[in-house]
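# Inside the fold
What follows is the residue order along each chain.
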Amino acid sequence: MIVGGYDTDDLTDRQNHVFRKLYNNPVANNNLLALNFLSYSVRKNFRCREFYNYEDDCDYLLEIKKEILDKYGIDLKELYT
């Protein structure tokens, strides 16, 4: 699936899961967070030349406030266990 010029096939499975959770969230009025996450993750994967490395693959979320992550139903502790 290509969104905003980025291909979701270039994400790790976990990144893809998080992206879809952000993108399809009915609470969000816009998907800016999802698109920012997608573009950051794809660029990082290409820069590191790793598409199957799960170490810190969703580190973009560490910059997001907990209240926003809660709104999207993302628990970082659960994500990294």
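So, here's what we can say about the structure. (Residues numbered from 1 in each chain as written. Predicted model: local features only at pLDDT ≥ 70, side-chain atom pairs only at ≥ 80, totals over all residues. Heavy atoms only, no water.)

## Describing the pattern of salt bridges
Following the criterion strictly, the structure yields three salt bridges and no others. A salt bridge links R14 to D57, with the shortest nitrogen-to-oxygen separation between them at 3.0 Å. Residue R14 is located in helix α1 (residues 13-23), and its partner D57 is located in the loop between α2 (32-48) and α3 (66-72); the two are separated by 43 residues in the primary sequence. The pair formed by R14 and D57 is uniform in burial state, with each residue classed as buried. Here K66 and D70 are joined by a salt bridge, their closest N and O atoms 3.2 Å apart. Of this pair, K66 and D70 both sit in helix α3, four residues apart, roughly one helical turn. (Salt bridge = Lys/Arg side-chain N within 4 Å of Asp/Glu carboxyl O. Helix = DSSP H or I, 4+ residues; strand = E, 2+ residues; numbered from the N terminus. Buried < 20%, exposed > 50% of the residue type's maximum accessible area, 1.4 Å probe, protein only.)

## A few points about the environment of L22
Positionally, L22 belongs in helix α1. The class for L22 is buried, based on a relative accessible area of 0%. Separated by 51 residues in the primary sequence, L22 and G73 have C-alpha atoms spaced 8.5 Å apart. Not counting chain neighbours up to four residues away, the residues in contact with L22 comprise N31, L33, A34, F37, Y72 and I74. (Contact = heavy atoms within 4.5 Å.)

## Re the side chain of S41
Along the polypeptide, S41 turns up in helix α2. Judged by relative accessible area, which is 1%, S41 ranks as buried. Not counting chain neighbours up to four residues away, the residues in contact with S41 comprise L11, Q15 and D57.

## Here we look at the nonpolar core
Among the nonpolar cores identified, the biggest contains 18 residues, and V18, F19, L22, F37, L61 and I74 are the most heavily contacted of them. Secondary-structure elements contributing two or more residues to this core are α1, α2 and α3. For this core, the element with the highest residue contribution is α2, accounting for five residues. For F19, the contacting residues outside a window of four places in its chain are M1, V3, T8, L11, A34, F37 and L38. (Core = buried A, V, L, I, M, F, W, Y, C linked by side-chain atoms within 4.5 Å.)

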